[in-house]
Amino acid sequence: MSRFSPLNWPVVRQMRDGDLFARGENTESHKSKTMQGRIEDADRVVKSVCPYCAVGCGQRVYVKDEKVIQIEGDPDSPHSRGRLCPKGAASEQLVNAPGRLTEILYRAPGATEWQTLDRDTALDMVTDRFLEARKNGWQDFDEEGRALRRTMGIAGLGGAAMDNEENYLIKKLWTASGAVQIENQARI
């Protein structure tokens, strides 16, 4: 039989072999027979939550050699049931982006260069500045002697990428700190 024989056409082979719905071996190429899924090589699967909006869709993060190789929707998630929006489906690109910063950078006032800081030093700097701003803007009483117990030196802005529980806890933090200017990016 020559290479271009009509008897080798896929439709003819399907009919000849009784594979009327094209689900048999005749429809598989050598390449598709040897292919494997992206997640088959994963060392482990970690459950996570999508970072993009307040919905909090469940994700399965596939890790190989301590590197994220794929992120998919988690079918066990009660509200997203394994589905992700386009941003959530592309969150692997967020994790593995070549331009992603993985160190804490700080540029001192008047400096022209950035310097890297360790986490504890950066947290101490933020804490010191937060407490100083709170103290400098603190108001115990107004002009008429009414108790205020607030600060005008700090304000809070929550994000729509956080879920309800995170926003609730951040609101409690700001309120306990005495801040009255509290807003959320989802409302703006």
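Criteria and cut-off values
- Residues numbered from 1 in each chain as written.
- Predicted model: local features only at pLDDT ≥ 70, side-chain atom pairs only at ≥ 80, totals over all residues.
- Heavy atoms only, no water.
- Domains from an automatic or database assignment.
- Pairing = 2+ DSSP bridges.
- Helix = DSSP H or I, 4+ residues; strand = E, 2+ residues; numbered from the N terminus.
- Axes fitted to C-alpha atoms, helices over the stretch in contact; angles between N-to-C directions.
- Contact = heavy atoms within 4.5 Å.

A. The domain arrangement of the chain, seen in detail. Looking at the assigned domains, one finds that the chain contains domain 1 (1-35), domain 2 (44-96) and domain 3 (117-187). The distance between the C-alpha centroids of domain 1 and domain 2 comes to 38 Å.

B. Fine view of the sheet that holds strand S2 (residues 58-64). The sheet built from three strands is open, its strands ordered S1-S2-S3 with antiparallel pairing. Pairing within the sheet leaves two strands with one partner each, and these edge strands are strand S1 (44-49) and strand S3 (67-73). This sheet shows a mean twist of 30 degrees between the axes of neighbouring strands, independent of strand direction.

C. Quick peek at the pairing of strand S6 (residues 138-141). Pairing of S6 with strand S7 (residues 147-158), which is carried by three bridges, proceeds in the antiparallel orientation. Bridging across to S7, Gln-139 finds its partner in Arg-150. Joining the antiparallel neighbours S6 and S7 is a turn of five residues, in which Gly-145 adopts a positive phi near 85 degrees.

D. Region of interest: the sheet that holds strand S8 (residues 179-184). Reading across from one edge, S6-S7-S8 is the order of the three strands in this open sheet, with mixed pairing throughout. Looking at strand neighbours, the two that pair on one side only are S6 and S8, the edges of this open sheet. Each strand axis lies, on average, 25 degrees off the axis of its neighbour in the sheet, ignoring direction. As paired strands, S7 and S8 are joined by five bridges and run parallel to one another. The residue bridging Leu-157 from the neighbouring strand is Glu-183, located in S8. Helix-sheet contacts for helix H5 (residues 119-136) involve S6 and S7, and the interaxial angle to S7 is about 140 degrees.

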